[in-house]
Amino acid sequence: MPRRRALPVVLVAALVLVLAAVGVAVVRPGPVAGWLGAEPAGRGTTAEQPAEPAPSAVLAGADPNAPMPTPEGVRAALAPLVGVPALGDRVHVSVADVTTGQPLFGRGEDDGTVPASVTKLVTGVTVLAARGPAYRIPTRAVAGVAPGEVVIVGGGDPTLAVDKKGFYPGAARLDDLAGQVRDALGGTKPTKVTVDSSLYSGPVFEPGWDDDIPTGGYGGPITALMTDGARSDVTRARKDHAAGNHWAERVSQPDLAAGRAFARLLGVPDAAVKRGTGPAAGAATPGPGAELGKVESLPMVRLVDMMISDSDNIIAEALARQVALARDRPASFVGAGAAMDAVAAELGLPADELTLADGSGLSRSNRISPSLLTDLLAVAGDGGRPELAAIFGGLPVADWSGTLAGRYSTAATKAGAGAVRAKTGTLTKVHAIAGLVSTADGRLLTFAVLTDDVPPDGLKDARAALDRIGAALAGCGCR
């Protein structure tokens, strides 16, 4: 018999308060500015980084006193929708009431299913638990052994930019790091750059990725040093992104590409850039190992927000490795998967329903149950670990933002517009969605629908079928 979990009765009050605190219940999605207070000196608003606009209303706050749907009512609403041919033969569903934690509908809810990008919900929650929302990923430069040698040490920041024209707003920059190095060296001229990306181990591509992913524009080599998520043409990528296209050509050796960009800023020729390992930390500048400069990423809460809102696979893999590093495991695909599984267990989630080969969901070796996802969202919002609620900040809103911007706009699905806030996942034959939905009575539910046996050419029909499920929950009192 599938197990039924009891979640805290106080969940809804805590969740509503936490969602309001991070701008989920009543404002637009996007970076959770202000979650950590003022930015450190040098990170404030500049001409290149304008202030974020004031948020506009999107979602109404949930009513904890709204009537609760009944299991019979939810079953009547969903049963005709979950068995449609468009979703294939493996459709696994979990729906639960947030206030009481009562399961309202389940179909294979405890069965591990290929989750695609819904995996990022697990990545986001576990990295927030392991690192905390304020953690920043460092990129350092240290003195090498040879005179004039500068070692750039990758810390795993995938958003690092070369200069103010970087892809990710507010990212740490190599030109700032180069300026620190020049100041630290004084009159000594840099002559060589060594690229130390040894923080990561194992393959740069996960073996379970489809053959076209490494060069398909949505994945890329995962290295501890890179700039702009390994994008090869940042100007074009920014224009495409603004137009809603997240595809981008990636460089084949992100660490060396970043090292060469850094070298050019120091006046060092490309020929003098090599991979290597930096010396042990030294005590005095400019001795070997002495730190010559350091820049830091945006806080983790912002990185998670970008990963979720844009379904950024490169950021996801970097954050998965941060979980591994925080738990003293190898920063590899295998180490990251094991670490995320361990952190999920620490949060009280059923580890036997979670198998992770990567952090992005590109791997077909991943397995997650729908009920684990609904539990995960509840844990993130129950107030016991308020830092985990940052996961909600980037969730797309139906018919308004992110991967749901062009969905829930038909007559059959418009009831879900503005009422569904969820992460989607798509691979060939795999279609998934998991998140929150407010019913017609204002009751907050958590739901997850995962299907991994859809006809290969069935993307459009499968998405429409998933949207009808969310719209059905949003449009009924289900009592």
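Thresholds, definitions, all that
Residues numbered from 1 in each chain as written. Predicted model: local features only at pLDDT ≥ 70, side-chain atom pairs only at ≥ 80, totals over all residues. Heavy atoms only, no water. Axes fitted to C-alpha atoms, helices over the stretch in contact; angles between N-to-C directions. Helix = DSSP H or I, 4+ residues; strand = E, 2+ residues; numbered from the N terminus. Parallel < 35°, antiparallel > 145°, perpendicular 65-115°, else oblique. Contact = heavy atoms within 4.5 Å. Buried < 20%, exposed > 50% of the residue type's maximum accessible area, 1.4 Å probe, protein only. Pairing = 2+ DSSP bridges. Right-handed = clockwise from strand over helix to strand, strands pointing away. 1 Å grid on protein atoms, 1.4 Å probe; cavity = no way out; pocket = protein on both sides within 12 Å on 5 of 7 lines; lining within 4 Å. Points joined across faces, edges and corners; volume = space filled by probe spheres on them. Nonpolar A, V, L, I, M, F, W, Y, C, P; charged D, E, K, R; others polar. Phe/Tyr/Trp six-rings, centres within 6.5 Å; stacked < 30°, edge-to-face > 60°. Lys NZ or Arg CZ within 6 Å of the ring centre and 35° of its normal.

## Focus on the packing of helix α3 (residues 119–131) against helix α7 (residues 300–310)
Here comes step 1: It is at 10 Å that the axes of α3 and α7 come closest, and there the two elements cross at 180°. Considered as vectors, α3 and α7 are oriented roughly antiparallel to each other. Mapping the contact onto sequence places K120, L121, T123, G124, V127, L128 and R131 in α3 and M300, V301, V304, M307 and I308 in α7.

## Notes on the pairing of strand β5 (residues 192–196)
Here comes step 1: Counting buried positions along β5 yields four of five residues, so the element is predominantly enclosed.
Here comes step 2: The sheet contact formed by strand β4 (residues 149–153) and β5 spans five bridges and is parallel. When the sheet's bridge partners are listed, V150 is paired in β5 with V193.
Here comes step 3: Of the crossover connections in this fold, the one passing from β4 over helix α4 (residues 174–185) to the parallel β5 is right-handed.

## So, the sheet that holds β4
In any sheet, the strands associate via hydrogen bonds between backbone groups, in a parallel or an antiparallel arrangement.
Here comes step 1: Here we have five strands laid out as an open sheet, ordered β6-β5-β4-β3-β7, and mixed in their pairing. Strands at the two margins of the open sheet, each flanked by one partner only, are β6 (273–275) and β7 (291–296). The average angle at which neighbouring strand axes cross in this sheet is 20°, direction not considered.
Here comes step 2: With five bridges connecting them, strand β3 (residues 138–143) and β7 associate as antiparallel partners.

## Some words on empty space enclosed by the protein
Here comes step 1: Counted according to the given criterion, the structure contains two cavities of 30 Å³ or more.
Here comes step 2: Considering the residues around the second largest cavity, the lining is formed by G156, D157, P158, Y200, T223, A224, L225, M226, I314 and A318.
Here comes step 3: Here the lining of the second largest cavity is built from residues that sort into seven nonpolar, two polar and one charged.

## So, the packing of aromatic side chains
Here comes step 1: Per the stated rule, a full pass over the model turns up three aromatic pairs.
Here comes step 2: Judged by centre distance (6.2 Å) and plane angle (55°), the rings of F205 and W209 are tilted.
Here comes step 3: F205 sits in the partly exposed class, given a relative accessible area of 30%.
Here comes step 4: According to the relative accessible area criterion, W209 is buried, its value standing at 6%.
Here comes step 5: With a centroid separation of 5.6 Å and an interplanar angle of 80°, the aromatic rings of W209 and F333 are classed as edge-to-face. Taken together, the residues W209 in the loop between β5 and α5 (234–242) and F333 in helix α9 (residues 333–346) connect sequence positions 124 residues apart.
Here comes step 6: Using a relative accessible area of 4% as the deciding quantity, one classes F333 as buried.
Here comes step 7: A connected cluster of aromatic rings, assembled from ring pairs, spans F205, W209 and F333.
Here comes step 8: Across from the ring centre of F167, 3.7 Å away, lies the NZ or CZ of R231, which sits over that ring.

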